[in-house]
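# Chain and residue survey
Residue-level listing of the chains:
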Amino acid sequence: MAMKDMTMDIDPKPRRAPSMWVPVAIGLGTAMLAGGFAGYNQSATESGEAAIAPWVGPLFAVALGGIALALYVRRHADSFRSWSPRKRLYWISVILSGALGFVTALVLQTGPQGADGLLSNSAMTPNIAIGLSLLWIVGLIVALFLYHRTIDDHERRAYHLGALAGFYAFVMPCPVWWVLWRADLAPPVDAMQLFALSLIVNGIVYFWFKFR
Amino acid sequence: MNNQLKVLRAMRNWSQAELADRLDVSRQAVNAIETGKYDPSLPLAFKLARLFAMPIEEIFDDGHEGHDDGH
């Protein structure tokens, strides 16, 4: 013990800055775990076996993810305290946005409509529809207000270029699809597919200019 | 636009993350400026000039020689 203490005094090793990929990995792991439960339930239902309640899997995954995130924050508490207010608010806005998307996806996948896919047009109960609408609008307003107040010049540029690319990914195919549908050459325009395309293009361009 | 950021940072033995903390920007922003993939805004250029106690034109070089007399 004495030898160990002496070595530490002579060669102090600074604690590494927390990697922001860890919370991303925790989020992905949580989503995959919830997806695993959903997959299990689907195959159980198809084979005629008893499925577990649809809320158990997501709740278990979120609880496990929450514990992992709490341990991560606790381990790097000193580093987080040394962050500037701008940086702290920035990460709060990013985590809030991610949580919003995660909860929305979870609710959409756990209901009876979930089997049709995340962006399906299947029927939904009014309570869930109103709840998700409020969550999306209020949550996004708060998260985006924080985000736009705290991003630096470089990220603002990446965001603007990503937003422009996402906008083009919507305005270019949308009228083309619409006129093709009117000529009976294509199925009816699906707004959610265009929304998804716009988001994917936005994300690719944003990440390219932010991390290249 | 060329710049001396990497050299100035190395002279002070700062990592990109340390410089980013001093400027209160992300590490990716410092990396993008150093590699010439992004030209900083005027406020950020002034911030850099104050941090290194140098005029902006000694940190950044737009490739034009001499002074522009407006003609």
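Residues numbered from 1 in each chain as written. Chains lettered and ligands numbered in written order. Predicted model: local features only at pLDDT ≥ 70, side-chain atom pairs only at ≥ 80, totals over all residues. Heavy atoms only, no water.

- By the naming in an unreviewed UniProt entry, chain B goes by Transcriptional regulator and is assigned to Sphingopyxis bauzanensis.

## Examining the side chain of Thr 104 of chain A
- Relative to the elements of secondary structure, Thr 104 of chain A occurs in helix 5 (residues 85-110).
- Taking the relative accessible area as the measure of exposure, Thr 104 of chain A reaches 14% and is therefore buried. (Helix = DSSP H or I, 4+ residues; strand = E, 2+ residues; numbered from the N terminus. Buried < 20%, exposed > 50% of the residue type's maximum accessible area, 1.4 Å probe, protein only.)

## Some remarks on helix 6 (residues 126-150) of chain A
- Compared with the 36 Å implied by 1.5 Å per residue over 25 residues, the 36 Å span of helix 6 of chain A between its first and last C-alpha is a close match.
- Taken as a whole, helix 6 of chain A has its buried residues at Leu 132, Gly 139, Ala 143, Leu 146, Tyr 147 and Thr 150 of chain A. (Expected span 1.5 Å × (residues − 1).)

## A word on a nonpolar patch on the surface
All names here are of chain A.
- A surface patch of nonpolar side chains, amounting to about 990 Å² of accessible area, comprises Leu 96, Ile 130, Leu 134, Trp 136, Ile 137, Val 138, Ile 141, Val 142, Met 192, Phe 195 and Leu 199.
- Within the residue set of the nonpolar patch, elements represented by two or more residues are helix 6 and helix 9 (191-211).
- For the nonpolar patch, the leading source of residues is helix 6, giving seven residues.
- Relative to the helices and strands, Ile 137 resides in helix 6.
- By relative accessible area, Ile 137 is classed as exposed at 51%. (Patch = residues over 30% accessible without salt bridge, like charges linked within 9 Å, V, L, I, M, F, W, Y side chains within 5 Å. Areas by Shrake-Rupley, 256 points an atom, 1.4 Å probe, with all protein chains shown as cover. Salt bridge = Lys/Arg side-chain N within 4 Å of Asp/Glu carboxyl O.)

## Considerations on the interface of chain A and chain B
- Listed per partner, the contact involves 10 residues of chain A and 12 residues of chain B.
- Roughly 970 Å² is buried in total at the junction of chain A and chain B, and carbon and sulfur atoms are behind 46% of that figure.
- By the criterion of area lost to chain B, the three top residues of chain A are Asp 153, His 154 and Arg 212 of chain A, representing 50% of everything that side buries.
- The closest approach of N and O atoms between Arg 86 of chain A and Asp 24 of chain B, which form a salt bridge, is 3.1 Å.
- Taken together, the links from chain A to chain B amount to six residue pairs in polar contact (both at pLDDT 80 or more).
- Among the secondary structure elements, those contributing two or more residues to the side of chain A that touches chain B are helix 5, helix 7 (153-171) and helix 9 of chain A.
- Looking at which element gives the most residues to the side of chain A that touches chain B, the answer is helix 7 of chain A, with three residues. (Contact = heavy atoms within 4.5 Å. Buried area = accessible area lost by both parts, 1.4 Å probe. Polar contact = N/O pair within 3.5 Å; in protein donor to acceptor, adjacent residues only side chain to side chain.)

## Considering the pattern of salt bridges
- In total, this model carries six salt bridges over all chains according to the counting rule given.
- When the shortest N-O distance is used, the salt bridge between Asp 78 of chain A and Arg 81 of chain A registers 3.1 Å. Linking Asp 78 of chain A with Arg 81 of chain A, this pair stays in helix 4 (residues 77-81), spanning three residues, or about one helical turn.
- With a shortest N-O distance of 3.8 Å, Lys 87 of chain A and Asp 21 of chain B are connected by a salt bridge. Of the two residues, Lys 87 of chain A is situated in helix 5 and Asp 21 of chain B in helix 2 (residues 16-23); the pairing between them involves two chains.
- Judged by relative accessible area, which is 24%, Lys 87 of chain A ranks as partly exposed.

## Comments concerning the nonpolar core
- Leu 5, Leu 19, Leu 23, Val 25, Phe 52 and Ile 59 of chain B are the most contacted members of the largest nonpolar core, which has 19 residues in total.
- Mapped onto this core, the elements with two or more residues apiece are helix 1 (5-11), helix 2, helix 3 (27-34) and helix 4 (42-52) of chain B.
- Among the elements that line this core, the one with the most residues is helix 4 of chain B, at five residues.
- Listed in part, the five residues of the second largest apolar core include Tyr 90, Tyr 147, Ile 151 and Ala 158 of chain A. (Core = buried A, V, L, I, M, F, W, Y, C linked by side-chain atoms within 4.5 Å.)

## Side note on the packing of helix 7 of chain A against helix 9 of chain A
Residue and element names in this part refer to chain A.
- Closest axis-to-axis distance for the helix 7/helix 9 pair is 7 Å, and the angle between their directions is 150 degrees. Comparing the axis directions of helix 7 and helix 9 gives the class roughly antiparallel. Both helix 7 and helix 9 take part in a crossing whose hand is right-handed.
- Of the residues in the contact of helix 7 with helix 9, the class split is 14 nonpolar, five polar and three charged. (Axes fitted to C-alpha atoms, helices over the stretch in contact; angles between N-to-C directions. Parallel < 35°, antiparallel > 145°, perpendicular 65-115°, else oblique. Left-handed = near helix turned anticlockwise from the far one by under 90°. Nonpolar A, V, L, I, M, F, W, Y, C, P; charged D, E, K, R; others polar.)

## A closer look at the environment of Val 176 of chain A
Residues and elements named next belong to chain A.
- Inspection of the secondary structure puts Val 176 in helix 8 (residues 173-182).
- Given the relative accessible area of 45%, Val 176 is considered partly exposed.
- Taking the C-alpha atoms as reference points, Val 176 and Val 189, 13 residues apart in sequence, are found 9.7 Å from one another.

## Considerations on helix 2 of chain B
Residues and elements named next belong to chain B.
- Along helix 2, the positions that sit buried rather than exposed are Gln 16, Leu 19, Ala 20 and Leu 23. Seen end-on, helix 2 carries its buried residues on one side only, within an arc spanning 100 degrees.
- Elements in contact with the buried residues of helix 2: helix 1, helix 3 and helix 4. (Arc of directions from axis to C-beta.)

## A look at the side chain of Asp 152 of chain A
Residue and element names in this part refer to chain A.
- Inspection of the secondary structure assignment puts Asp 152 in the loop between helix 6 and helix 7.
- No salt bridge is formed by the buried Asp 152, whose closest oppositely charged neighbour, Arg 86, lies at an N-O distance of 4.7 Å.
- For Asp 152, the side chain forms a polar contact with the main-chain nitrogen of Glu 155, separated by 2.9 Å. (Lys, Arg positive; Asp, Glu negative; His and termini not counted.)

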